Every structure is written in structure tokens, then in C-alpha cells.
Amino acid sequence: MGTTTRAAARLVVVDADGRVLLLRYDDPPPMGVHWATPGGGIEPGETEREAALRELGEETGWTDLEVGEELGRTQRVVERRAGPVLQDEVHLAVRLPDAQRPLDESGHAVDEIAGWAWLTRAEVAALDVPVWPRELPDLLDLLGA
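Calculation notes
- All chains use their own residue numbering, which begins from 1 and follows the written sequence.
- With pLDDT at 70 or above as the cut-off, local features in this predicted model cover only qualifying residues; side-chain atom pairs require 80 or more to be listed or tallied, and sums for whole chains, interfaces and linings still use all residues.
- Hydrogen atoms and water are omitted, and side-chain values are computed over all heavy atoms in the structure.
- Any carboxyl oxygen of Asp or Glu within 4 Å of a side-chain nitrogen of Lys or Arg constitutes a salt bridge here.
- Strands are runs of DSSP state E lasting at least two residues, helices are runs of H or I lasting at least four, and both sets are numbered from the N terminus onward.
- Working definition: with a 1.4 Å probe on protein chains only, accessible area under 20% of the residue-type maximum means buried, over 50% means exposed, and in between means partly exposed.
- Between two residues, a contact is recorded if the distance between any of their heavy atoms is within 4.5 Å.
- Between the rings of Phe, Tyr and Trp (Trp by its six-membered ring), a pair exists once the centres lie within 6.5 Å; its type follows the angle of the planes, with under 30 degrees stacked, over 60 edge-to-face, and the other angles tilted.
- Cavities and pockets were defined on a 1 Å grid built over protein atoms only: a cavity is a set of grid points that admits a 1.4 Å probe from which the probe cannot escape, a pocket is an open set flanked by protein on both sides within 12 Å along at least five of seven lines, and lining residues are those with an atom within 4 Å of any such point.
- Grid points are joined across faces, edges and corners, and a volume is the space filled by probe spheres set on the points.
- Residues are sorted three ways: Asp, Glu, Lys and Arg are charged, Ala, Val, Leu, Ile, Met, Phe, Trp, Tyr, Cys and Pro are nonpolar, and all the rest, Gly among them, are polar.
- Take the buried residues of types Ala, Val, Leu, Ile, Met, Phe, Trp, Tyr and Cys, join any two whose side-chain atoms come within 4.5 Å, and each joined set is a nonpolar core.

## Remarks on the pattern of salt bridges
- Overall, the coordinates contain 13 salt bridges when judged by the stated rule.
- Between Arg73 and Glu48 there is a salt bridge, with the nearest N and O atoms lying 2.9 Å from each other. Of the two residues, Arg73 is situated in strand S5 (residues 70-80) and Glu48 in helix H1 (residues 48-60); the sequence distance between them amounts to 25 residues.
- The exposure class assigned to Arg73 is exposed, which follows from its relative accessible area of 52%.
- Note that Arg101 and Asp98 form a salt bridge whose closest N and O atoms lie 3.3 Å from each other.
- Using a relative accessible area of 12% as the deciding quantity, one classes Arg101 as buried.
- Taken together, the shared-partner salt bridges connect Glu43, Glu46, Arg54, Glu55 and Glu58 into one network.

## Notes on the side chain of Glu55
- Following the sequence through the fold, Glu55 ends up in helix H1.
- Given a relative accessible area of 8%, Glu55 falls into the buried group.
- Residues within four places of Glu55 in sequence aside, it is in contact with Gly39, Gly40 and Gly41.

## Remarks on the packing of aromatic side chains
- Scanning the entire structure with this criterion turns up one aromatic pair.
- Pairing Trp62 with Trp118 gives two aromatic rings, centres 6.1 Å apart and planes at 15°, and the pair type is stacked. You can see Trp62 sitting in the loop between H1 and S5 and its partner Trp118 sitting in strand S7 (residues 115-119), a full 56 residues away along the chain.
- With a relative accessible area of 7%, Trp62 lands in the buried category.

## Let's talk about the layout of surface pockets
- In this model, the largest pocket occupies a volume close to 720 Å³.
- Lining the largest pocket are 24 residues, and of these Asp27, Val78, Arg80, Asp111 and Glu112 sit closest to its centre.
- Counting only elements with at least two residues in the lining of the largest pocket, the list comes to strand S1 (4-14), strand S3 (33-36), strand S4 (39-41), H1, S5 and helix H2 (108-111).
- At four residues, S5 tops the list of elements feeding residues into the lining of the largest pocket.
- Tallied by class, residues from the lining of the largest pocket come to eight nonpolar, five polar and eleven charged.

## So, the nonpolar core
- Counting residues in hydrophobic clusters, the biggest one holds 21 residues, and the most contacted among them are Leu11, Val13 and Trp62.
- If you list the elements that add at least two residues to this core, you get S1, strand S2 (20-26), H1 and strand S6 (83-95).
- Ignoring sequence-local partners within four residues, the contact set of Leu11 consists of Thr37, Pro38, Ala52, Leu56, Val67, Leu92 and Val94.
- If you look at the next biggest cluster of nonpolar residues, it comprises 15 residues, including Ala93, Ala117, Val124 and Leu143.

This is the structure we're talking about:
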């Protein structure tokens, strides 16, 4: 059985203090505990930006933000229940006008989100578990965060 491919839109959300929003997942191996930017799969008929806004609303409760520029594209293998998936990810910028905005955590159980944090670039680099995308420090540099 081969690896399937999935298109995804992810958001690099930076607050007024230059901190990035990361979501923590406590998955079983092989993924294990890791941090990731908000986002997820693009549904049929959705544009990348529409998917990004839908995912942002589902994972944070925020519906008042605009998606900014594209920061880049990456690929990674994601272990899902049905097996490995090669995920083609577009990374889009979102800038918040406020600092460390709280999240509505009501949807977190559905998305298996274990926690969340606002982190500086240095704090991201110091994490001792994987962070997705691996290129996040470079993307933050593009944003001047």
C-alpha cells in the first residue's frame, strides 16, 4: 500500500509581541508529542485561504482575522490512522493586532489538541520535541517575528 497525498493549509499566527501560536498534540508513536501551527486539510471545493480560515476558526474560535501572504510550501509525512500520508502544506501568515489572544478551546477534543502556547522564536528553537513545520524559524524570520 503506497502513501497517499493530502493538500493542507497551515497558518503562522504571530501576535503583536512577535510570538507565534503553536498547538500541542500528544499522539501515540510514531508521531508522539509534537507542536504544530494551526491548520489542516483542504476540503474539496475549498481554496487554500478558505481552508486556512476554516481551520483557524475550528482550532481557535477566531473568525475575525484575515489571511496574509504565503510564506512558503513544505512537504512532510504524517502518520494517520489509515497509514502514512504525504502532506503538501502551504504556510500562510496571520498577524494579530493584540498580544497572546486566548483561544476558544471547545473544539480541541475533536481535533485532539492537548494544549497551546504563544512562543518566541527562541522558545520555539529550544523545544525538545518536534515542531511542524520544521522550517518555522525561517518562516518567522520572513515575518520579522
